[in-house]
Amino acid sequence: SQSDVSRDEKLKNLCQLLSNNISYYDWVGFYFADHETRTLHLGPYVGAETDHTVIPFGKGICGQVAVSNENFVVPDVSAQDNYIACSFTVKSEIVVPLFVNGKNIGQIDIDSHVIDPFTKADELFLEFVNQEVAKLF
Ligand code: SME
């Protein structure tokens, strides 16, 4: 329905809005699932550039959410064994799946430079954000 350019611009603006307004949201981005190849692909984001533009399902926090269909809050990334480090400055992470018509098509991924900043309120807020994002698909 909508062009990819328009959607990508909106998603990038959303990432910028979140990162500008929530002090502990230091990297904000979307990954999108390719269910054929069982990989996640980096979409619009703001924050440090990452080498991890393609992530296999099951790998890292993001890859685990692609399989579990559930929120994943990581208060301290150093305590995770299945974790893909992007930067030594990242201390914690939250990933919330993005559902369109009940299908997990990707996720919003947020990294923080502080330990244990994410609460239930962040989960509820990001679930709401993703429900709005789903309307773009
Ligand atoms: N840390 C993530 C990888 C993606 S970066 O945070 C942008 C993970 O473990 O899946």
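See the structure printed just above.
In this text, all values refer to a predicted model and were calculated from it rather than measured experimentally. (Residues numbered from 1 in each chain as written. Predicted model: local features only at pLDDT ≥ 70, side-chain atom pairs only at ≥ 80, totals over all residues.)

1. With respect to unusual backbone geometry
Put simply, the rule reads: Only runs of H or I of at least four residues qualify as helices and only runs of E of at least two qualify as strands under DSSP, and these elements are numbered from the N terminus. In this scheme every C-beta is placed from the backbone, and a residue whose C-beta has 20 or more other C-beta atoms within 10 Å is buried, one with 12 or fewer is exposed, and one in between is partly exposed.
Even without being glycine, Asn-101 reaches a positive phi, approximately 50°. Mapped onto the elements, Asn-101 comes out in the loop between strand S5 (92–100) and strand S6 (103–112). By the C-beta count within 10 Å, which is 7 here, Asn-101 ends up exposed. Phi is positive for Asp-116, close to 55°, though the residue is something other than glycine. Position of Asp-116 relative to the elements: it lies in the loop between S6 and helix H3 (120–134).

2. Looking at helix H2 (residues 60–68)
Selection criterion: By definition, residues are in contact whenever their C-beta atoms, placed on the basis of the backbone, come within 7 Å of each other.
Every buried residue belonging to H2 is among Gly-60, Ile-61, Cys-62, Gly-63, Val-65 and Ala-66, and all of these are buried. The inward-facing, buried residues of H2 abut strand S1 (27–34), strand S2 (39–46), strand S3 (54–56), strand S4 (72–74), S5 and S6. Asn-69 sits one or two positions beyond H2 and adopts a positive phi of about 60°.

3. Considerations on the nonpolar core
Where we set the bar: A set of buried residues qualifies as a nonpolar core if it consists of Ala, Val, Leu, Ile, Met, Phe, Trp, Tyr and Cys joined through C-beta atoms within 7 Å.
In terms of nonpolar packing, the biggest core is built from 26 residues, with Val-28, Leu-40, Cys-62, Ile-94, Val-95, Ile-108 and Ile-110 touching the most fellow members. Here this core takes five residues from S1, the largest share from any one element.

Limitation: the analysis is restricted to geometry and does not speak to function.
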